[in-house]
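Topology and contacts: notes
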Amino acid sequence: MQAMKRSIIADVVAIAAIALLITTTFYWIEARREVIILCDNFTPGVSKKNVERQLDTANLLLWDTEFVANGSKIEAYSPLHLGIMQCSVEFNKQDIVVFSIVE
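First, a word on what this report is: a plain description of the structure on this page. (Residues numbered from 1 in each chain as written. Predicted model: local features only at pLDDT ≥ 70, side-chain atom pairs only at ≥ 80, totals over all residues. Heavy atoms only, no water.)

Description of the pattern of salt bridges
- Scanning all chains against the criterion turns up 2 salt bridges.
- Close ionic contact of arginine 33 with glutamate 30 constitutes a salt bridge, the shortest N to O distance being 3.3 Å. Of this pair, arginine 33 and glutamate 30 both sit in helix H1 (residues 2–41), separated by 3 residues, roughly a single helical turn.
- For arginine 33, a relative accessible area of 44% gives the class partly exposed.
- With a closest N to O distance of 3.2 Å, glutamate 75 and lysine 73 form a salt bridge.
- For glutamate 75, a relative accessible area of 14% gives the class buried. (Salt bridge = Lys/Arg side-chain N within 4 Å of Asp/Glu carboxyl O. Helix = DSSP H or I, 4+ residues; strand = E, 2+ residues; numbered from the N terminus. Buried < 20%, exposed > 50% of the residue type's maximum accessible area, 1.4 Å probe, protein only.)

Now the structure itself:
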């Protein structure tokens, strides 16, 4: 009887682990797509307000603004990627996109 309980518990734990792995993989892929798709929208000539508005619609991204000598820079990234994949958007002093790149 105890062996049967252990077997059932082991099966439930295995199913839960597989479900967690599938869910994590799904969110990881969606976060990657969000970084790539949004970064492709930030072409030269787009305003900083437009970029910020689009980044605010993201569900799986965080972003920070950094001020540099010739303007500013926004780094958008997903915590799911542990900082490995990010979108860098550079702006001139008039807050217009100069370039964006996925790193």
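Describing the environment of aspartate 64
- Mapped onto the elements, aspartate 64 comes out in strand S1 (residues 62–68).
- Along the primary structure aspartate 64 and valine 13 are separated by 51 residues, whereas in three dimensions their C-alpha atoms are 39 Å apart.
- Excluding residues that lie within four positions of it along the chain, aspartate 64 makes contacts with Lys73, Ile74, Glu75 and Tyr77.
- Reaching out from aspartate 64, the side chain makes a polar contact with the side chain of tyrosine 77 at a distance of 3.5 Å. (Contact = heavy atoms within 4.5 Å. Polar contact = N/O pair within 3.5 Å; in protein donor to acceptor, adjacent residues only side chain to side chain.)

Brief notes about the packing of aromatic side chains
- Overall, the coordinates contain 1 aromatic pair when judged by the stated rule.
- Each ring, one from phenylalanine 26 and one from tyrosine 27, has its centre 5.5 Å from the other, and the planes form 75°; the classification is edge-to-face.
- Positioned above the aromatic ring of phenylalanine 91 is the side chain of lysine 48, whose terminal nitrogen or guanidinium carbon lies 5.6 Å from the ring centre. (Phe/Tyr/Trp six-rings, centres within 6.5 Å; stacked < 30°, edge-to-face > 60°. Lys NZ or Arg CZ within 6 Å of the ring centre and 35° of its normal.)

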